[in-house]
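Residues per chain are reported as follows:
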Amino acid sequence: MKKIYCDISATTPVNESVIDFMTSIHRSTFGNPSSIHKYGQESHIIIEKARIETAKSLNCHQEEIIFTASGTESNNIALEGIIKPGYHIISTTYEHPSVMNVLKSLEKKGTDLTLIKPDTDGKISAKNIEKEICENTKLISVMYANNELGSINNIKKIAEVAKKNQIILHVDAVQCVGKIPIDLNELKIDLMSLSAHKFYGPKGVGALFIRKGIDLKTILNGGGQELNLRPGTENISGIAGLGLSISMACDNIEKNIKYVKNLEEIFIKQLNSYKINYILHIKDRLPGVITIGFPNIDGQSLLIALDLKGIAVSFGSACSSGTTKASQILLDAGIDENLAKSTLRFSFGKIHTEEDVKYVTEQLSIILKRLGAN
Ligand code: PLP
């Protein structure tokens, strides 16, 4: 049976060249990067090379990048590192749990929290953020693109609002890095989180951009690694894998976008030619991410039927799957409850071919007929 993984937003397979590179590092370089001897220095050089590659890919300075153990950890270090009691934070109702749960826990400790809902286009309006700013607002945290909807926020506008009001801006860009160009010299973001496993790098390694002049308090205690913000002996091969995979993604970004957009077009064309009844929720979205409702069809049943045919997609985000409730994120974006329950996320990337997409739509049309779609 054919196996087609259409869940690039959940995670990606690791680039072959990254596997080879990481394996060679595992074999050859094991010194502790903090050691003064040559073994240590060899490891240190590998980490600094990855820092340069990461900074170059995002157009920032290498001193502004720290490596972490995940996107989750980057979000925790950024938010907990900034917030002090009495601060007011503005964020959104649709943040990933690694942001939302930190904010909720800070709220319990006395932080004032305002959450903005997305508009029906799935985006957070800069105007709505501006309306909520008060004297104590010290942080705005908005994700770059939403993991369930695929909608992309206008971070440039949100950054302008933040700068005008001298408020620090944190952006969870985990879904975006490697999918759309990000220029941190142009975009006035102060803190930005990313994660290697979303751009064909290894799992368990992330990074945090911290703009020069932004002071974070330490939330993890240990040695002085990574500016004392992420202590612990570094994951040398993982960091090297992040460096190589971010370069591969960002050096070829326009070409990759064009390739993936073509797959998306074929997907939609095929749905139309099979006369499938569907509703595409978000128009302006991340390349390759298609969040789509099939009216009167149970999304979970469709997901399972596709899985039995070797096609992997997602219902809600991977983190909230296992529940049969409609996704709150879809509901907040104005999608009706029944349609939200009929919605799946297909996400395509560079691993897919046109034939893969055609196979997926062919199977989809057969299954939908069987499930009684009209
Ligand atoms: N933020 C967003 C928007 C995500 O989609 C994810 C993962 O799915 C994360 C953060 C967490 O990243 P990680 O899996 O590296 O902890």
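Preceding this section is the structure that the text describes.
Starting from 1, residues in each chain are numbered consecutively following that chain's sequence as written. The predicted origin of the model limits local features to residues at a pLDDT of at least 70 and limits the giving and counting of side-chain atom pairs to 80 or more, whereas totals for whole chains, interfaces and linings rest on all residues. The side-chain numbers reported here are obtained from all heavy atoms of the structure, hydrogens and water having been left aside.

## Some details on the pattern of salt bridges
A side chain with one charge can pair with a side chain of the opposite charge if their charged atoms come near. Quick note on the threshold: The term salt bridge refers to a pairing of a side-chain nitrogen on Lys or Arg with a carboxyl oxygen on Asp or Glu at a separation within 4 Å. A run of H or I in DSSP counts as a helix once it spans at least four residues, and a run of E counts as a strand once it spans at least two, with each numbered from the N terminus. Under the scheme applied here, a residue whose accessible area is under 20% of the maximum for its type counts as buried, over 50% as exposed, and between as partly exposed, the area being computed with a 1.4 Å probe on protein chains only.
In the structure shown here, the tally under the stated rule is 10 salt bridges. Between glutamate 73 and arginine 230 there is a salt bridge, with the nearest N and O atoms lying 2.8 Å from each other. Within this pair, whereas glutamate 73 is found in helix H3 (residues 71–82), its partner arginine 230 is found in the loop between strand E8 (206–210) and helix H7 (236–251), the two being separated by 157 residues in sequence. Here lysine 164 makes a salt bridge to glutamate 130, at a shortest N to O gap of 2.7 Å. Here lysine 164, found in helix H6 (residues 155–164), pairs with glutamate 130, found in helix H5 (residues 126–132); they are 34 residues apart in sequence, far enough to count as distant. The exposed category is assigned to lysine 164, whose relative accessible area is 59%. On the accessibility criterion, glutamate 130 (28% relative accessible area) is partly exposed.

## Concerning the packing of helix H9 (residues 299–308) against helix H12 (residues 354–370)
The test is simple: In this description, a line fitted to the C-alpha atoms serves as the axis of each element, helices being fitted only across the stretch in contact, and the angle between N-to-C directions of two axes falls anywhere from 0 to 180 degrees. Reported orientations rely on four angle classes, namely roughly parallel under 35 degrees, roughly antiparallel over 145, roughly perpendicular from 65 to 115, and oblique for the rest. The sense of a crossing depends on the near helix, which, turned anticlockwise from the far helix by less than a right angle, makes the crossing left-handed and, turned clockwise, makes it right-handed. A contact between two residues is defined here by any heavy atoms of the two lying within 4.5 Å. All residues other than Ala, Val, Leu, Ile, Met, Phe, Trp, Tyr, Cys, Pro, Asp, Glu, Lys and Arg, Gly among them, are scored as polar; the first ten of these are nonpolar and the last four charged.
Axis separation between H9 and H12 bottoms out at 10 Å; the angle between their running directions is 130°. In this view, H9 runs oblique relative to H12, as classed from their interaxial angle. In this structure, the crossing between H9 and H12 has a hand that is right-handed. Contacts between H9 and H12 involve Leu302, Ala305 and Leu306 on the former and, on the latter, Leu364, Ile367, Leu368 and Arg370. Residue composition of the contact of H9 with H12, by class: 6 nonpolar, no polar and 1 charged.

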